[in-house]
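Structure at a glance
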Amino acid sequence: MPKVLAFNRDRRRRHSGAEGDSLGDGRAVPAQPIHSASVTRLHPRPDGTLSAVAEIDVSIVVPTRGRPQLLNRCIASLVLQRFEPSRFEIIIVDDGPDDDTRDIVVGWSAHTAGTGPDIVYIPSMGPHGPAAARNHGWRAARGGIIAFTDDDTIARADWLRNGVLAFNDDVHAVRGRIVMPVSGTPTDYQLDAKNLETAEFVTANCFVRRRVLEDVGGFDERFRFAWREDSDLYFRLLEYSASIAHAPNAVMTHPIRPAGWGVSLSQLKKIQFDALLFKKHPGLYRQKIRAKPRWDFYLTVAALAVCMVSLLAALAETAVAAGLVWLFMTARFCAQRLKRTSHSPSHIAEMLITSILIPPLAVFWRAVGAFKFRARLI
């Protein structure tokens, strides 16, 4: 059975330094660079006495919610890491506790008992969201280094080893490499998702010292969706003057999940959290996310509004002029989305319809975020 922890934000821990150990391939993990802050847990023996569990170096935190089959695949890749099993643990934070997810964790825990890493199951009763789930995980962790990934990723066998080896005395965090394979000509959704490969810092593949997470306060739990919470942590690490190393050999494969027709519309509500990120880090937002406001969307929506009002006021010439501007901007947006993507009839139809709907919906959700977080419309 996996250890089941009820999350308590004020839970106290004992800390101690790490000793050097093997990565599992004959190479030693240098003790000093890791600065592990870990605790020793006691396991009951059959005779009733207690045996100490070896201290660990790394805790892998995986938030999940209602995706047991994806989680199963992810855990399979994590337990097979070329890293001494006694030196790391896997913490699964179930953000919507259900029997299927718990059964997956229980099954893996039984399978690896005595030979694999420690597996911890945390049923989160709130607050919810990926940011809060990750906070639940790292605050319950024993390792001095916290490795973050998602439940829909697949770790290369040397991912953990290469991530840990990127640390030295001066490194506070490490960012690995994301691979998102796509076969054939991608759809607009796939091409957009593939941008994760070039992102500077993502929680699907990063390592942060526990003490640094404590210093910066972990994740901002106001980011309730899987959107911008990693950028916010990254920006706070930069403001902390953290040294962030790149470990291109710490590879995490992130398959692009199948998406339904018009998926881009359902993703737009996430945009509201751009306002929160912009309010907190206006300079870094302009430098690393978007240098200028979405003038194209604002112009498209303004032209549509003027056209509709002019029609109601019987101002035919103004309505036609505004309508032409709206048509041009919408066609331009659609052409941009089709430029490097599939030209199948279904995809073209999807791009035509969603290109009409996206600008007004995007402006609406930006306005919602600006109002909710008292930020400027961006």
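First, a word on scope: everything that follows refers to the structure included in this document. (Residues numbered from 1 in each chain as written. Predicted model: local features only at pLDDT ≥ 70, side-chain atom pairs only at ≥ 80, totals over all residues. Heavy atoms only, no water.)

**Re the overall build of the chain**
In terms of helices and strands, the chain carries 14 helices and 13 strands. Split into buried and exposed, the 378 residues of the chain put 49% on the buried side. In the chain, the proportion of contacts linking residues at least 24 apart, taken out of those at least 6 apart, comes to 79%. Of the roughly 17,600 Å² of accessible surface on the chain, a fraction of 58% belongs to carbon and sulfur atoms. (Helix = DSSP H or I, 4+ residues; strand = E, 2+ residues; numbered from the N terminus. Buried < 20%, exposed > 50% of the residue type's maximum accessible area, 1.4 Å probe, protein only. Contact = heavy atoms within 4.5 Å. Areas by Shrake-Rupley, 256 points an atom, 1.4 Å probe, with all protein chains shown as cover.)

**What about empty space enclosed by the protein?**
In the structure shown here, the tally under the stated rule is one cavity of 30 Å³ or more. There is about 50 Å³ of room inside the largest cavity. Lining the largest cavity, in full, are Asp-296, Phe-297, Thr-300, Met-329, Thr-330, Arg-332, Phe-333, Gln-336 and Pro-359. Only helix 12 (295–312) and helix 13 (316–338) provide two or more residues apiece to the lining of the largest cavity. Top contributing element to the lining of the largest cavity by residue count: helix 13, with five residues. Along the lines of polarity and charge, the residues of the lining of the largest cavity split into four nonpolar, three polar and two charged. (1 Å grid on protein atoms, 1.4 Å probe; cavity = no way out; pocket = protein on both sides within 12 Å on 5 of 7 lines; lining within 4 Å. Points joined across faces, edges and corners; volume = space filled by probe spheres on them. Nonpolar A, V, L, I, M, F, W, Y, C, P; charged D, E, K, R; others polar.)

**Some thoughts on the pattern of salt bridges**
Under the criterion given, the structure shown has 22 salt bridges. Residue Asp-57 pairs with Arg-87 through a salt bridge whose shortest N-O separation is 3.2 Å. One end of the pair, Asp-57, is in the loop between strand 5 (50–52) and strand 6 (58–64); the other, Arg-87, is in the loop between helix 2 (68–79) and strand 7 (88–94), and 30 residues separate them in sequence. A residue is classified by how much of its surface remains accessible, and Asp-57, at 1% relative accessible area, is buried. Where Asp-158 meets Arg-161, a salt bridge forms, and the shortest distance between an N and an O atom there is 3.8 Å. Summarising the burial analysis for this pair, Asp-158 and Arg-161 share the class buried. (Salt bridge = Lys/Arg side-chain N within 4 Å of Asp/Glu carboxyl O.)

**Quick word on the nonpolar core**
Ile-60, Trp-159, Leu-160 and Phe-207 are the most contacted members of the largest nonpolar core, which totals 38 residues. The greatest single-element share of this core, amounting to five residues, is contributed by helix 2. Every residue in contact with Leu-160, bar those within four places of it in the chain, is listed here: Val-58, Ile-60, Gln-81, Phe-83, Phe-88, Ala-147 and Phe-207. Judged by nonpolar contacts, the second largest core, of 36 residues, contains Val-93, Ala-133, Ala-140 and Phe-219. (Core = buried A, V, L, I, M, F, W, Y, C linked by side-chain atoms within 4.5 Å.)

**Quick look at the side chain of Glu-89**
Position of Glu-89 relative to the elements: it lies in strand 7. With a relative accessible area of 0%, Glu-89 lands in the buried category. Within polar-contact distance, the side chain of Glu-89 engages the side chain of Ser-59 at 2.6 Å. Polar side-chain contacts of Glu-89 include one of 2.8 Å to the backbone nitrogen of Arg-142. (Polar contact = N/O pair within 3.5 Å; in protein donor to acceptor, adjacent residues only side chain to side chain.)

**Quick notes on the packing of aromatic side chains**
According to the stated counting rule, one finds eleven aromatic pairs in the structure shown. Plain terms: the ring middles of Phe-83 and Phe-88 are 5.8 Å apart, the flat faces sit at 85° to each other, and that makes the pair edge-to-face. Classification of Phe-88 as buried rests on a relative accessible area of 1%. When the ring of Phe-225 is compared with that of Phe-273, the centres are 5.3 Å apart and the planes differ by 80°; the resulting orientation is edge-to-face. Of this pair, Phe-225 sits in the loop between helix 7 (210–216) and helix 8 (229–239) while Phe-273 sits in helix 10 (residues 272–280), placing them 48 residues apart in sequence. Each member of the aromatic cluster is reached from another via a ring pair, and the members are Phe-223, Phe-225, Phe-273 and Phe-373. A cation over a ring is seen here: Arg-294 above Phe-297, with NZ or CZ 3.8 Å from the ring centre. (Phe/Tyr/Trp six-rings, centres within 6.5 Å; stacked < 30°, edge-to-face > 60°. Lys NZ or Arg CZ within 6 Å of the ring centre and 35° of its normal.)

**Regarding helix 3 (residues 99–112)**
Across its 14 residues, helix 3 extends 20 Å between first and last C-alpha, which sits within 8% of the 20 Å expected from 1.5 Å per residue. The opening residue of helix 3, the one whose side-chain oxygen lies 3.0 Å from the backbone nitrogen of Asp-100, is Asp-98. Count one or two residues on from helix 3 and you reach Gly-114, which has phi positive near 85°. (Expected span 1.5 Å × (residues − 1).)

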